[in-house]
Amino acid sequence: MTGPTLQRSKSSDAIAERLARLAEWPASVDSVDIPDAVYRQAAIVLCDDLAAIISARNDPILSQIHKHLLADGGRPVATVFRGGRPRTDRYSAAAANGAAGPWNELDEGSLRVSCHAGIYTLPALLAEAEAEGLSTREVLRCLVVAYEVVTRFALAFPQPSLLLHPHAFLSVVGATAATATARHFGGMLYFSALTMSTAFVNPGPFDHAVRGSFVRNMWTAHGAWAGMRAADWAACGISGLPEGPHRIFHDVLGFDCDPDSLVFKLGQDWLINHNFQKVYPCCQYAHSMVEAIESVIASLPDGIELRNCDELVVEIHQRGQLLNEVNPETILAARFSVPHIAAVAAVYGRLDSETLSPESLKDSAVVDLRQRVLVRPFEPVMPPPNDRPARVRFKFAGEIQYQAECLCARGSPSRPFSFEEIRQKVDRICACVYPDLAKVMDRLVSLEDDLLDSSWGETVSE
């Protein structure tokens, strides 16, 4: 056996061994093993991601997807969160909510690795919980555990470069973890489901988001459905190969491999506490730029309009430089376009769902300004937590410049939003269709026993 082959074999064995240990862990996690602070964070993530799902309800493409899934669904046991309580079978509901989760780029994600564990786990988990009558407390427990499993999987197989989109290759793993946890799978059954889920991954290129292909949003829909089915089929006796995850992610997709990430400080350093949250409806890689532009706006002399600048130089971190589409054709591409996001913020004086809208794609002032945006590397390269910085410089005639920088966008653990800020976001999005969601959020975060001990279906009704 040659040296490189032997090395791959050792790496594969290490992944299989530690993944088996990770698969043993969920069934051993009792409610009392999770600190209250972690439960509160899970409650915030649940409501925040529900708001992200609900925010997309009026999109015409998503509405058609929901229409098809509701029309063709089976026994109505799970809610599609688009206003009211339309229900369908658990698999269709999970797919419908999975499609909506990333639609408006308002969902949370991990700062440690590119992974949006909330929308990978919640669509399947909420459908399973409603169909099976799980308690709301159990929903929070399963969210914490499944969030841990899929994020650790992402940490174990980091991409050397951002070639593939995490929605494509991680959503099915997250949905499998959520369903297997909700069904109290033991170690071997959980392991079978996880190894099977990795054989269902999509090699979806990251540039599908930058170029505005809506199939990027359907990766989470497909992942929710396939993850639930992986749990079904594992219970029927089907399994992936123990070496399958390493073979697929490392050998085939070319990811790096860190086996110890699967179990290091498991049950101690809860990964749901290391997430970021958003108030801007765009890729998080651009948030530091938006904050820098807001700082410029706040300090502008009277009579100066940023739309009239001769040039806008955006110096941004490496991943932000990938968001370089100057003429986005769809609203999805716009949410991943530094030139468009910068132009919208500068022209309208703010960035939100009203300004970063499909209409902004045709706004002549926005179209004109984004042609004058120059994207450059931010120097020097910064270490975490300031590893996603941005600096903006608006240049006017006569060498007049207005500039600002943001080293770390708000919403991260180092600059967190307050609970009230996230609550306001949830209420602003949901009040017109689910007016009591913010009140339920208050009770969830307060860990009120009456609510936690009720079924998830009863919580949805409330």
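All values reported here derive from a predicted model rather than from experimental measurement.

The rules behind the values
- Residues numbered from 1 in each chain as written.
- Predicted model: local features only at pLDDT ≥ 70, side-chain atom pairs only at ≥ 80, totals over all residues.
- Heavy atoms only, no water.
- 1 Å grid on protein atoms, 1.4 Å probe; cavity = no way out; pocket = protein on both sides within 12 Å on 5 of 7 lines; lining within 4 Å.
- Points joined across faces, edges and corners; volume = space filled by probe spheres on them.
- Nonpolar A, V, L, I, M, F, W, Y, C, P; charged D, E, K, R; others polar.
- Salt bridge = Lys/Arg side-chain N within 4 Å of Asp/Glu carboxyl O.
- Helix = DSSP H or I, 4+ residues; strand = E, 2+ residues; numbered from the N terminus.
- Buried < 20%, exposed > 50% of the residue type's maximum accessible area, 1.4 Å probe, protein only.
- Axes fitted to C-alpha atoms, helices over the stretch in contact; angles between N-to-C directions.
- Parallel < 35°, antiparallel > 145°, perpendicular 65-115°, else oblique.
- Contact = heavy atoms within 4.5 Å.
- Phe/Tyr/Trp six-rings, centres within 6.5 Å; stacked < 30°, edge-to-face > 60°.
- Lys NZ or Arg CZ within 6 Å of the ring centre and 35° of its normal.
- Expected span 1.5 Å × (residues − 1).
- Core = buried A, V, L, I, M, F, W, Y, C linked by side-chain atoms within 4.5 Å.
- Patch = residues over 30% accessible without salt bridge, like charges linked within 9 Å, V, L, I, M, F, W, Y side chains within 5 Å.
- Areas by Shrake-Rupley, 256 points an atom, 1.4 Å probe, with all protein chains shown as cover.
- Pairing = 2+ DSSP bridges.
- Polar contact = N/O pair within 3.5 Å; in protein donor to acceptor, adjacent residues only side chain to side chain.
- Disulfide = S-S within 2.5 Å.
- pLDDT = per-residue confidence, 0-100.

### Side note on empty space enclosed by the protein
In this approach, a probe sized like a water molecule rolls over the atoms, and the result shows the empty space that is left.
Then, number 1: Summed over the entire model, instances satisfying the criterion amount to 1 cavity of 30 Å³ or more.
Then, number 2: Empty space within the largest cavity amounts to approximately 140 Å³.
Then, number 3: If you trace the largest cavity, you find 17 residues lining it, with Ser 114, His 116, Phe 276, Cys 283 and Tyr 285 closest to the centre.
Then, number 4: Tallied by class, residues from the lining of the largest cavity come to 8 nonpolar, 5 polar and 4 charged.

### A word on the pattern of salt bridges
Then, number 1: Under the criterion given, the structure shown has 33 salt bridges.
Then, number 2: Here Arg 21 makes a salt bridge to Glu 17, at a shortest N to O gap of 3.4 Å. Of this pair, Arg 21 and Glu 17 both sit in helix α1 (residues 3–24), separated by 4 residues, roughly a single helical turn.
Then, number 3: Taking relative accessible area as the criterion, Arg 21 reaches 43% and is therefore assigned partly exposed.

### As for the packing of helix α3 (residues 60–71) against helix α4 (residues 90–100)
The geometry of a pair of packed helices is captured by two quantities: the angle between their axes and the separation between those axes.
Then, number 1: Following both chains from N to C, one finds α3 and α4 inclined at 175 degrees, their axes separated by 10 Å at the closest point. By the angle class used here, α3 and α4 are roughly antiparallel. On α4, the residues touching Leu 62, His 66 and Leu 69 of α3 are Ser 92, Ala 95, Ala 96, Ala 99 and Ala 100.
Then, number 2: When the residues that make up the contact of α3 with α4 are grouped by side-chain class, the tally is 6 nonpolar, 2 polar and no charged.

### Describing the packing of aromatic side chains
Then, number 1: Per the counting criterion, the structure on display carries 13 aromatic pairs.
Then, number 2: Site record: aromatic cluster; members linked through ring pairs are Phe 153, Phe 157, Phe 169, Phe 249 and Phe 255.
Then, number 3: In this structure, Arg 229 packs its charged tip against the face of Tyr 91, placed 3.7 Å from the ring centre.
Then, number 4: Here Arg 391 stacks its cationic end above the ring of Phe 378, 4.1 Å away from the centre of that ring.

### Things to note about helix α12 (residues 287–298)
Then, number 1: Between its first and last C-alpha atoms α12 spans 17 Å; for 12 residues at 1.5 Å apiece the expected length is 16 Å, and the two agree.
Then, number 2: Every buried residue of α12 is accounted for by His 287, Ser 288, Met 289, Val 290, Glu 291, Ala 292, Ile 293 and Val 296.
Then, number 3: Those residues of α12 that are buried lie in contact with β5 (311–316), α14 (338–348), β7 (390–396) and β8 (400–406).

### Regarding the environment of Ser 63
Then, number 1: As for its placement among the helices and strands, Ser 63 is situated in helix α3.
Then, number 2: Placed 33 residues apart in sequence, Ser 63 and Ala 96 show a C-alpha to C-alpha distance of 9.5 Å.

### Here's the deal with the nonpolar core
Then, number 1: Leu 46, Phe 81, Leu 143 and Trp 456 are the most contacted members of the largest nonpolar core, which totals 100 residues.
Then, number 2: With 14 residues, helix α6 (residues 136–156) is the single largest residue contributor to this core.
Then, number 3: Discounting residues that sit within four places of it in the chain, Trp 456 has contacts with Leu 46, Leu 50, Phe 81, Leu 126, Ala 129, Glu 130, Leu 134, Ser 135, Thr 136 and Val 139.
Then, number 4: Of all hydrophobic cores here, the second largest spans 47 residues; its members include Ala 209, Ile 293, Ala 342 and Ala 346.

### Points about a nonpolar patch on the surface
Then, number 1: Together, Trp 225, Trp 233 and Ile 238 make up a nonpolar patch on the protein surface, roughly 270 Å² of accessible area in all.
Then, number 2: In this structure, Ile 238 sits in the loop between α10 (215–235) and α11 (244–252).

### A few points about the sheet that holds β7
Then, number 1: Taken in spatial order, the 4 strands make up an open sheet running β6-β5-β7-β8, and their pairing is mixed. The sheet is open, and its two borders are formed by β6 (373–377) and β8, each paired with just one other strand. Between one strand axis and the next, the sheet turns through 15 degrees on average, direction left out of account.
Then, number 2: Of the pairings in the sheet, the one linking β5 to β6 comprises 5 bridges and is parallel in character. Considered in β6, the bridge of Leu 312 is made with Val 373.

### A closer look at the side chain of Thr 330
Then, number 1: Structurally, the position occupied by Thr 330 is in the loop between β5 and α13 (331–335).
Then, number 2: The class for Thr 330 is buried, based on a relative accessible area of 19%.
Then, number 3: Only 3.0 Å separates the side chain of Thr 330 from the backbone oxygen of Gly 212, close enough to count as a polar contact.
Then, number 4: Contacts of Thr 330, omitting those with residues within four sequence positions, involve Gly 212, Phe 214 and Leu 361.

### Quick word on the environment of Leu 241
Then, number 1: Along the chain, Leu 241 turns up in the loop between α10 and α11.
Then, number 2: A relative accessible area of 54% means that Leu 241 is categorised as exposed.
Then, number 3: Taking the C-alpha atoms as reference, Leu 241 lies 9.9 Å from Leu 194; in sequence the two are 47 residues apart.

### Describing the side chain of Thr 88
Then, number 1: On the secondary structure map, Thr 88 appears in strand β2 (residues 87–88).
Then, number 2: Accessibility expressed as a relative area gives 1% for Thr 88, which makes it buried.
Then, number 3: Within the local environment of Thr 88, its side chain forms a polar contact with the side chain of Asp 89, the two groups lying 3.3 Å apart.
Then, number 4: Those residues in contact with Thr 88, other than ones at most four positions away along the chain, are Leu 69, Leu 70, Gly 73, Gly 74, Arg 75, Pro 76, Val 77, Ala 78, Val 80 and Ala 93.

### Details of α11
Then, number 1: Of the residues making up α11, those classed as buried are Gly 244, Pro 245, His 246, Ile 248 and Phe 249.
Then, number 2: Residue Gly 254 follows α11 closely and has a positive phi angle near 80 degrees.

### Regarding the state of the cysteines
One covalent bond between the sulfur atoms of two cysteine residues makes up a disulfide.
Then, number 1: Considering all chains together, one arrives at 0 disulfides under this definition.
Then, number 2: Cys 47 provides the cysteine sulfur closest to Cys 142, a residue in no disulfide bond, and the two sulfurs are 16 Å apart.

### Observations regarding the confidence of the model for the protein chain
Then, number 1: Summing up the model confidence of the protein chain, the mean pLDDT is 96 and the portion of residues at 70 or higher is 98%.
Then, number 2: Taken together, the stretch residues 1–7 has pLDDT below 50 and engages in 1 contact with residues farther than four places along the chain or on a different chain.

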